[in-house]
Structure formats: C-alpha cells, structure tokens
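Examining the three-dimensional arrangement
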Amino acid sequence: MLRRALLIAGLLLGAAAAAQAPPPEPPQQPFLRIEAGAHTAPVARLAVDAAGQMLASVSDDKTLRLWALPEGSQRRVIRPPVGTNEDGELYAVALSPDGARVAAAGFTGQSWDGVFCLYLYDAASGRLLARLSGLPAPVQHLAFSADGLRLAAALGGRAGIRVFDARNGQLLFEDAGYGGPARMLGFDREGRLASSAADGHVRLYDASGRKLADRVPLAGARPFGLAWSPDGGLLAIGYEDRLRVEVLAAGDLRSVMLPDVAGLAGEGMPAVTWAADGRGGVQLHAAGYARLAGGGAAGRGIAVQREAAAPMPAPRREFVVRRWTDFGLGPSTDIPAARDAISHLLALPGGGIAYAAADPGWGRITPEGLLAFPPRPPGADFRATAASLAATEDGTRLRVALRPGEAPIVFDALDGRLEAGGDASGFLPARTASARLPIADWRNSNRPRLGQVPLRLGEGEYARSLAILPREDGFLIGTDNHLRLFDAAGRPVDALAVPGAVWGLTVAGDMAVAALGDGTLRWYRLAGGALVEQAALFIQAETRRWALWTPEGLFDHAANGGQELVGVLLNRGRAQSTEWATFQQAYRALYAPQAVHGRIAGDQAPAQQRLAQLGEVRSRIGRLPVLAAGAACVVVEADCLPLAWDARTLPEGARALRLALQATDRGLGLGPLDVLVNDRIAARAEARPGETVVEVPLDPGPNRIATRLYAEDRTLFADGPALALRRPGDAEPPPDAGRLIVLAIGVNHYANAELDLRFAVPDAEMVAGLLRAGAGSLFRETRVTVLRDAEATRRGVLDALARAAEEAEPGDTFILYIAGHGIRTEPDNRFLFLPADTRDTSGWAALRAQGIDDGTLVAALARIRARDALLLLDTCHAGQLTMEQLSALGNETGRFLLAASGSVQEALDSYDDRNGVFAYALREGLQGKAAMDAEGRVSALGLGEWVTRRVPQLARERQHRQDAVFRTAQRDLRSFPVAQVAK
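It should be emphasised that the depicted structure is a prediction, and the values quoted were computed from it without experimental measurement.

Some words on the sheet that holds strand 7 (residues 101-107)
In space, the four strands of this open sheet follow the order 6-7-8-9, with antiparallel pairing throughout. With partners counted over all chains shown, the strands left at the sheet margins are strand 6 (89-95) and strand 9 (128-135), one partner each. Averaged over neighbouring strand pairs, the angle between their axes works out to 20 degrees when direction is ignored. In the sheet, strand 7 pairs with strand 8 (residues 116-122) via five bridges, with the strands oriented antiparallel. Within the sheet, the bridge partner assigned to Ala-103 lies in strand 8 and is Leu-120.

A word on the sheet that holds strand 39 (residues 453-454)
Read across the sheet, three strands follow the order 37-38-39 without closing on themselves; strand pairing throughout is antiparallel. Two strands lie at the open edges of the sheet, namely strand 37 (439-440) and strand 39, each paired on one side alone.

Some details on the packing of aromatic side chains
Two descriptors summarise a pair of aromatic rings, namely the distance from one centre to the other and the angle between the planes of the rings. This structure, assessed with the given rule, holds 16 aromatic pairs. Aromatic pair Phe-107 and Phe-116: ring centres 5.1 Å apart, planes at 85 degrees, arrangement edge-to-face. Both residues of the pair, Phe-107 and Phe-116, count as buried. A centroid spacing of 5.8 Å and a plane angle of 55 degrees characterise the contact between Trp-274 and Phe-327, whose relative ring orientation is tilted. Of this pair, Trp-274 sits in strand 23 (residues 271-276) while Phe-327 sits in the loop between strand 26 (319-324) and strand 27 (332-338), and the two are 53 residues apart along the sequence.

Concerning the domain arrangement of the chain
Domain boundaries in the chain define domain 1 (224-293 + 317-374), domain 2 (382-618), domain 3 (626-726) and domain 4 (739-980). For domain 1 and domain 2, the distance between their C-alpha centroids amounts to 38 Å.

Some points on the UniProt feature "repeat: WD" (unreviewed entry) in the chain
The UniProt record marks residues 36-77 with the feature "repeat: WD" (unreviewed entry), using the residue numbering of this structure. Annotated as residues 36-77, this span is 0% helix and 52% strand, and its ends, taken at the C-alpha atoms, are 11 Å apart.

Regarding the nonpolar core
Counting residues in hydrophobic clusters, the biggest one holds 56 residues, and the most contacted among them are Phe-382, Leu-521, Trp-523, Leu-537, Leu-548 and Trp-549. Mapped onto the domain boundaries, this core takes at least three residues apiece from domain 2 (382-618) and domain 3 (626-726). In this structure Leu-521 touches Phe-382, Leu-389, Leu-398, Val-400, Ala-514, Ala-515, Ala-535, Ala-536 and Leu-537, once residues within four positions along its chain are discounted. Formed by 47 residues, the second largest nonpolar core is a distinct cluster that contains Val-767, Val-938, Ala-940 and Val-951.

Thoughts on the side chain of Gln-850
Position of Gln-850 relative to the elements: it lies in helix 9 (residues 844-850). The class of Gln-850 is buried, set by a relative accessible area of 15%. Side-chain polar atoms of Gln-850 contact the backbone oxygen of Asp-840, separated by 2.7 Å. Beyond its immediate sequence surroundings of up to four residues, Gln-850 is in contact with Arg-794, Pro-835, Asp-837, Thr-838, Arg-839 and Asp-840.

A short note on the pattern of salt bridges
Inspection of the entire model under this criterion finds 57 salt bridges. Across the pair Arg-383 and Asp-340 runs a salt bridge whose closest N-O atoms are separated by 2.3 Å. In this pair, Arg-383 is assigned in the loop between strand 31 (371-373) and strand 32 (390-391) and Asp-340 in the loop between strand 27 and strand 28 (342-347), connecting sequence segments 43 residues apart. In this structure, Arg-588 and Asp-854 form a salt bridge, with 2.8 Å as the shortest nitrogen-oxygen distance. In this pair, Arg-588 is assigned in helix 3 (residues 587-590) and Asp-854 in helix 10 (residues 854-862), connecting sequence segments 266 residues apart. Arg-588 gets classed as buried once you look at its relative accessible area, which sits at 16%. With relative accessibility at 1%, the residue Asp-854 sits in the buried group.

Scoring rules and cut-offs
- Residues numbered from 1 in each chain as written.
- Predicted model: local features only at pLDDT ≥ 70, side-chain atom pairs only at ≥ 80, totals over all residues.
- Heavy atoms only, no water.
- Pairing = 2+ DSSP bridges.
- Helix = DSSP H or I, 4+ residues; strand = E, 2+ residues; numbered from the N terminus.
- Axes fitted to C-alpha atoms, helices over the stretch in contact; angles between N-to-C directions.
- Phe/Tyr/Trp six-rings, centres within 6.5 Å; stacked < 30°, edge-to-face > 60°.
- Buried < 20%, exposed > 50% of the residue type's maximum accessible area, 1.4 Å probe, protein only.
- Domains from an automatic or database assignment.
- UniProt positions renumbered as here; feature names shortened; annotations may be inferred.
- Core = buried A, V, L, I, M, F, W, Y, C linked by side-chain atoms within 4.5 Å.
- Contact = heavy atoms within 4.5 Å.
- Polar contact = N/O pair within 3.5 Å; in protein donor to acceptor, adjacent residues only side chain to side chain.
- Salt bridge = Lys/Arg side-chain N within 4 Å of Asp/Glu carboxyl O.

This is how it looks when you write it as structure tokens:
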C-alpha cells in the first residue's frame with residue numbers, strides 16, 4: 001500500500017504546479033464514441049507482458065485495449081480523458097513486466113493543461129492509478145525496463161527523452177538535446193537504453209543516464225524502428241524514409257550488417273524486431289510501407305480512391321513483413337500481413353511476433369513464420385470504396401460498398417433498413433468537376449486550389465474528398481480531420497471537426513453525407529452557411545449489425561443487434577478515470593428510432609420532444625451505480641473452489657459459479673443486479689449497498705459471464721466484472737441436441753368483459769401446434785404447454801414459467817408465445833401484460849397490481865436455463881404501446897425477441913377470420929416462407945426477418961397499420977433452428 005501511495009503521490013505532482021487558481025479540467029460534455037470490440041483507427045503501438053499472456057494496443061481512436069494471448073480475444077478497453085479534437089489520441093503504450101500496470105500516452109492532456117501527460121492504469125481493473133503531466137510534447141513511444149522499475153518516454157518535437165522512476169514518478173534523467181522527434185526507445189536486460197530519432201541519430205545510455213554512444217548511421221536518413229537482439233549484442237534499426245534495415249553493434253553503434261531488401265517496394269521500413277522461431281533460432285523481422293515490387297498499392301498507407309464505375313479489387317494484404325533467418329544473415333521470406341501500413345513489430349516471449357497496422361488492427365505471426373491471424377477491422381474501409389458513395393435526392397437512402405471487392409449495400413434511414421445494393425439508379429454520387437468551379441489538387445493533397453486560388457487548410461492537413469453543391473454556389477472538401485465548406489470564390493464558410501478522415505462525400509439537396517475513416521457514414525445539413533451534424537451510422541462489416549444515432553445520443557439499431565456498438569464517454573477530473581456507458585446500458589432512455597429517422601428527414605420535433613422528456617439523462621451516466629468484484633468460487637460437487645476473476649479455465653466437474661459482488665450507490669439508487677451467461681440473463685437479484693452473493697448455473701462448453709447493475713428506475717445500468725471461461729479440453733460448445741420447450745399463452749376472455757378479444761387463444765393454439773409439428777428431428781423431445789383464458793391468470797402464467805425453469809436444461813430451446821393485452825404504464829413507460837384475471841382498470845396502481853410487468857417477466861425468464869430462447873409477444877393495445885417498450889424487453893433479457901403491437905380493432909378484425917396478422921405471418925414463416933437452409937431448417941433469425949417484413953404488408957391489406965420488431969442483444973450473433981420444413 002505504501003508503495004502504491006508513493007507512486008500516486010509522486011505522479012500527480014506533475015510538472016511545476018500553478019498557484020492559486022484550480023487547474024483546468026477536461027471538457028465535461030458527453031462524447032459519443034464507437035465501441036465495436038476492436039480499434040476503428042490506425043493502431044500505433046503494441047506492448048506485451050513478460051509472460052506473453054497479455055498484449056496492449058493503442059490507437060488514434062482514443063482507446064487502450066488489452067488482449068489475451070495467444071488467441072487475441074479482447075479483455076478490457078480503457079478510455080483516457082478526451083477533447084473535441086486530437087486530445088485523447090494514443091501513440092504509445094508500455095506494459096510492466098508483471099502485467100499489472102499499463103502506461104499510455106500520446107496527444108493527451110494538452111487541451112486543458114497546455115502541456116502533455118501520460119497515464120498509468122491498473123491492468124486488471126482499468127482504474128487510473130496516476131497521471132504524469134508537464135511533458136512539453138506528445139509521447140511517441142514508451143518502455144518499461146526489464147525489472148519494471150523505470151519507465152522511459154520518447155517525446156515529439158525536439159523534447160528528447162525522459163526516464164522516470166516507475167515507483168514514484170521521479171525524473172531520473174533526461175536528454176533534451178535532440179534535433180528532431182524521438183521515435184522509439186528500448187531497454188536491454190542489463191538496463192541500457194537505446195533511442196532512435198528523426199534527427200538521424202541513434203543514441204545509447206547506461207542505467208544512470210550517461211551517454212555511451214551517439215551515431216548517425218546514414219547521413220540524411222531518418223532512423224525510426226529500434227530493437228535489441230535477445231542477447232543484447234546487436235541493435236536493429238529500421239528507417240522511415242527508405243527501404244533499409246541496418247544492424248548495429250550495441251557497444252559502439254557501428255554498422256555490422258545490411259539485410260537484403262531486394263524485391264520490395266515502398267517508402268520505408270520503420271518497424272523492426274527480433275523474434276525466436278520456436279527451435280532455438282532467432283529471426284529478424286522488418287515492415288512498414290514495404291510491399292512486393294510491382295504490387296501497385298498506394299504510398300504511405302493511403303489507398304487511392306477509384307472512380308465509381310471502376311471495378312473494385314478484392315482486399316489484399318499487400319503490406320508484407322520480411323523475415324530473415326539466422327539473425328538476419330540467412331535467406332528471407334515475405335509474409336503478406338496487412339492491407340495498410342505496418343507501424344510496429346513486437347517480439348512475443350513465446351516466439352513469433354505481433355504487429356500493429358493502419359488497417360486498422362493488429363495481427364500475429366507464429367514462431368514458424370506463419371500468419372496466425374491478420375488485423376480484423378470491425379467496420380467499413382472507406383479509403384478504397386468511398387468513391388462509390390451515393391444518395392437519393394432527399395439524402396435519406398445511401399448506397400456504398402463497405403469494403404473493396406464487396407457488393408454495395410443500401411441503407412434506408414427512414415425505415416431503419418439495410419439491404420443489398422441492387423440497381424444504382426436514383427442514387428447521386430458526388431459531383432467533382434465543374435467548368436464554373438475548377439477545383440484541382442484536392443485528392444490526397446495539402447494544396448488544393450480553386451483555379452489559381454489556394455484553398456486554406458490547417459497545418460499538416462490533407463484534402464481527401466470533394467463534393468460540389470447542386471447550385472454550384474459552393475463546395476465541400478473533406479480532409480484528415482475536418483469537413484470544410486467553401487463558397488464559389490473559395491472563401492471558407494464553415495468547418496466542422498470530424499473523428500476520422502473524410503474519404504468520401506456526396507450532396508443531396510441541403511444534405512451532405514460523408515464516409516469517414518472511423519467507419520461511419522454521417523449526415524450534415526447545410527443551413528444558412530453552417531454545417532450541422534444530423535446523424536451518424538456505423539455498420540459492423542461482418543455481421544451487418546448497425547447503430548444509427550443523433551448527436552444528442554438518441555439511437556436506433558439493427559434487428560440483429562447493434563446497441564452495444566456506440567456509447568457515451570464522460571470525462572471526470574483530470575486525474576480520474578472516465579465514465580462509459582453503451583447505448584445498450586441506456587436503452588430505455590435513449591432508444592428512439594422514430595426521433596432519429598425524423599431528424600434525418602428534417603423533422604426535429606420528435607427528437608426535441610424526446611430530449612425534453614429525458615432531461616439530464618446523459619449526465620446521469622456519471623452517477624451510475626458501481627458494481628465491483630468480490631470473492632468468486634466455482635461449485636464442484638459439494639465444494640466451492642476459489643476462482644480468480646482473471647481465470648480462463650474451469651476445473652473438472654464445474655456446474656455453477658458463486659459470485660460475491662459489491663454494489664455502490666452514487667445517487668441514482670440501486671435496481672436489479674443481473675448475471676448473464678453466454679449473453680442471456682441467468683440470475684437476477686435485488687441489489688443492496690455492499691455485498692450481494694449470486695449463484696448461477698454454467699452451460700456445457702465455454703461460458704461468458706457478464707454482470708450488470710441497474711439504477712433504481714432501470715433506465716440505465718452499469719457493467720460489472722466479467723469472466724470468460726472454458727472447460728478443460730473444450731474447443732467449441734457441444735452441438736445442440738436438447739429438447740424444445742414451448743409455453744403458449746392466449747387470453748380472449750377477461751374478468752372484465754370490456755377487455756375481451758377474439759383471436760388470442762386461436763393464435764396461441766396455432767403457434768404451439770406449428771412448433772410441435774415443425775420440431776421434426778431437430779430436438780430429442782418436444783414439450784408444449786398452452787394456457788387458455790382462465791388458465792392464464794397472473795398466478796397461472798408465473799407458475800407455468802416457474803415449471804419451465806425447473807424443466808429446462810442448458811442444451812434446450814425455449815419458446816414463449818404471449819397473445820393478449822399489453823400496455824405501456826405511465827409515467828414510467830414500462831411494458832405490462834394483462835392476464836385473464838384483470839378486472840379493475842380504474843388506474844395505473846390497480847393495473848400494476850393485477851398485471852405482469854416487464855421486470856417480473858425478465859426475472860422469470862432469468863431462471864430458465866435454456867441456452868437458446870425466442871420470445872414471441874403478440875400484444876394488442878389501445879394506442880399507447882410502442883415498439884420501444886418491446887425492444888427494451890428484448891435488450892434486457894438477452895434473448896431473441898420477435899414482437900408485434902397492433903390496435904384492439906386489428907386484433908378483433910384478425911387477418912383471415914382465424915388468426916391475427918402477427919400469428920398469420922408466423923404461420924407462413926414456420927411453414928417455409930422464411931429463409932431455410934439446405935435441410936429445410938428455419939432459424940430464429942430467418943423467422944424474425946420474415947415476420948418483420950411481412951407484418952406491415954399484411955396489415956396494409958386490411959387497411960390497418962401494424963409493425964413488428966425483431967431484436968437480440970447478443971454480442972455473438974449465433975442463431976438456432978426453431979422448426980424444420982419437410983421437403
């Protein structure tokens with residue numbers, strides 16, 4: 001404790017403290033950030049612990065991420081304080097040898113301090129331990145010494161290097177005599193420190209800071225990458241401005257070898273490292289902008305935009321890692337590793353290397369020189385596809401290719417629908433040529449011009465895209481960090497900072513659409529000479545999940561998820577951890593699809609009305625309750641064996657987890673505490689301040705455990721500690737071979753006859769029968785229970801759910817169908833199902849006492865252990881219930897949810913005098929209209945997609961309006977079969 005106290009006290013002192021006035025703090029407005037489970041901007045640096053079990057990465061996307069090795073699964077995301085422009089971008093990272101602490105820095109703290117800083121975090125919890133301020137330039141590279149006692153920083157500008165005592169933040173030594181930015185540095189096992197710099201020098205220091213050697217290996221060149229050989233006898237140097245790798249003797253920095261780079265093209269090889277090959281040998285690796293000669297890729301990681309009509313090539317990993325055997329003396333092989341420039345190579349303790357790339361992402365190469373996995377960017381790659389961006393005349397439908405070689409997609413912002421691109425007619429690409437506006441040198445240039453008039457950009461800013469306005473009274477230029485509006489004379493009119501390079505633009509009427517380097521598509525309205533952002537869209541390229549949101553944080557998402565892809569970041573104090581909540585955590589508060597669609601269409605009223613209802617919900621994120629880890633153990637027979645929260649393997653015979661969780665109320669009260677197993681709710685407890693102990697059963701195979709704690713009003717929840725556990729010998733979850741358990745509930749006749757319906761019972765009977773008939777050979781057994789009218793009292797429904805919980809096993813599939821009245825309570829906007837014994841409708845208190853609210857339903861579902869579940873809610877109402885309440889229920893349970901909400905008149909009319917619209921669409925889907933695989937199996941996903949398309953069509957045929965909603969909150973979209981159609 002004393003050591004940690006000294007560390008924090010020392011680092012928080014920073015540089016020279018100002019006197020009386022309180023120090024400025026980071027901006028306090030909320031920041032909306034993408035969270036796609038991976039970096040969304042170029043990755044700058046990597047670091048690894050001495051055991052080779054954890055890797056850290058940092059990026060221009062302002063996140064520090066921790067990953068488990070060797071598989072590369074994400075363990076934690078750490079977000080530093082951020083500003084409105086560059087502040088928060090991370091260029092450097094270092095892990096202490098024991099993996100306990102992680103340091104990160106870059107363009108950090110300057111906006112509010114006037115100087116730069118570095119942050120030190122606890123790797124296990126992500127908590128900010130300390131902050132070292134007073135740095136005169138951004139940090140370019142960080143390194144811990146082998147004993148973990150010293151932390152070295154390479155600084156930009158001409159600030160040189162600084163070395164600190166990692167225990168207390170004391171400056172041990174510095175060298176400010178650099179003529180250019182320090183690039184990289186590294187300790188050997190004896191404590192010597194070597195550095196490279198853009199002034200051409202390589203420098204060597206002893207443990208006390210005394211300079212041992214200083215040499216310019218090649219006049220006029222800029223050394224960048226630096227790596228010690230495993231024995232400390234050699235230094236490898238890579239150059240940023242030429243295809244050259246040089247090996248120096250560590251004693252005096254004289255050149256001893258130039259590995260062969262024949263057959264490569266490109267501007268430089270700034271990344272180098274040595275790595276073991278798994279057989280006792282040592283290999284030298286280098287990369288950067290290097291490609292195989294004749295490959296034809298664009299320079300310096302910038303993909304040249306192609307004309308819209310030109311075919312787009314399939315994505316290729318054109319940037320290679322060259323690997324020389326025998327310390328660089330032997331023959332070489334080239335490993336295609338990335339689609340964009342490689343910024344860093346890192347030797348792994350177990351052999352092989354990891355590498356950082358601008359794809360964005362990081363990859364790993366095995367000790368044998370094989371590609372274990374490449375960078376896996378989560379979003380669109382608009383660098384090479386943005387020329388395909390086009391929009392309809394009103395700007396509400398977009399057409400664009402997400403990645404090179406892929407067919408375009410179309411997104412309809414009014415319907416919230418993503419589909420295949422099809423015909424390009426009706427879509428307008430950007431206009432980039434005009435006799436009246438002769439704009440030149442605008443593509444990948446820092447000197448665009450209108451005729452002979454230079455167009456003013458920021459220092460170091462490059463133009464990337466252009467769109468001329470429809471009336472030729474101005475034009476837009478997208479740059480690395482701004483969207484800029486100019487008038488017809490080339491005078492600047494307005495500019496907006498953007499979170500990524502603007503690779504593509506188009507203009508439709510008064511709406512501009514931009515394709516950004518962070519993978520987003522963004523709408524901007526041109527109003528009175530100003531650019532006003534309207535909405536942003538992020539599409540996860542592999543799963544096609546998407547999130548669409550307004551600058552205020554109202555959002556919509558895809559039927560198959562997406563609410564976890566974006567969140568709200570709040571800065572706290574300059575020396576405090578930031579707050580973070582995804583849209584999923586604030587689902588009930590911020591999910592407002594109609595308001596989002598209206599905003600893009602030009603109708604501001606729905607968004608303004610919703611925001612007025614919300615009040616200060618975003619600021620309330622800063623007062624979310626805290627859920628922290630206590631003791632954990634795993635139940636094996638009669639014992640409960642202690643389990644560490646960073647454990648990754650379960651003992652033999654593990655059947656349940658017993659978790660102690662510490663809840664802290666920060667002003668919003670405490671609501672339910674949920675534990676989720678493999679993305680479904682498995683236990684719900686009533687939290688209280690202090691410790692709550694929860695026991696949850698485990699699934700066969702892998703188990704992902706997540707915890708969350710709601711605020712008292714349940715509009716927001718805080719994420720708690722998590723676990724990812726595998727059983728010994730389990731590579732993959734076992735195949736589904738369980739039972740189908742169906743509970744169908746229909747209420748036609750109520751205790752209050754004024755509530756009576758006609759088709760709820762027939763609908764329940766029909767759906768149950770179809771599921772039984774369609775079970776086929778999918779399940780080893782099918783159990784169907786139907787509750788009709790008087791059987792479906794409040795007690796009867798809850799008892800039936802309790803019986804299902806007793807019966808269901810992890811390998812089973814559970815389907816719940818409910819048909820009857822559903823209402824939205826006021827003023828808390830909760831879903832309430834009215835069972836058959838509902839009599840008193842005089843007020844909300846009476847209805848709540850008789851009904852089954854969503855909290856009770858979620859708690860009952862939490863006790864059902866079936867791994868796969870589908871909730872089918874067919875509710876009618878008197879006009880109040882909306883899709884938002886039903887979607888919130890799907891989000892909260894973590895189950896697949898397919899629901900419809902029609903008026904009472906629609907329910908009374910039915911569709912075909914036998915069944916309602918929703919049930920009729922279900923019948924079609926289960927009988928073969930929904931998408932099937934080759935064996936005739938209808939999945940939950942296929943059924944959901946069919947019903948959501950079909951219900952509005954059927955309702956229109958009856959001159960009604962009815963919608964269906966399909967939702968899942970699962971992070972890993974793993975659908976499952978619900979029926980099989982005979983062929």
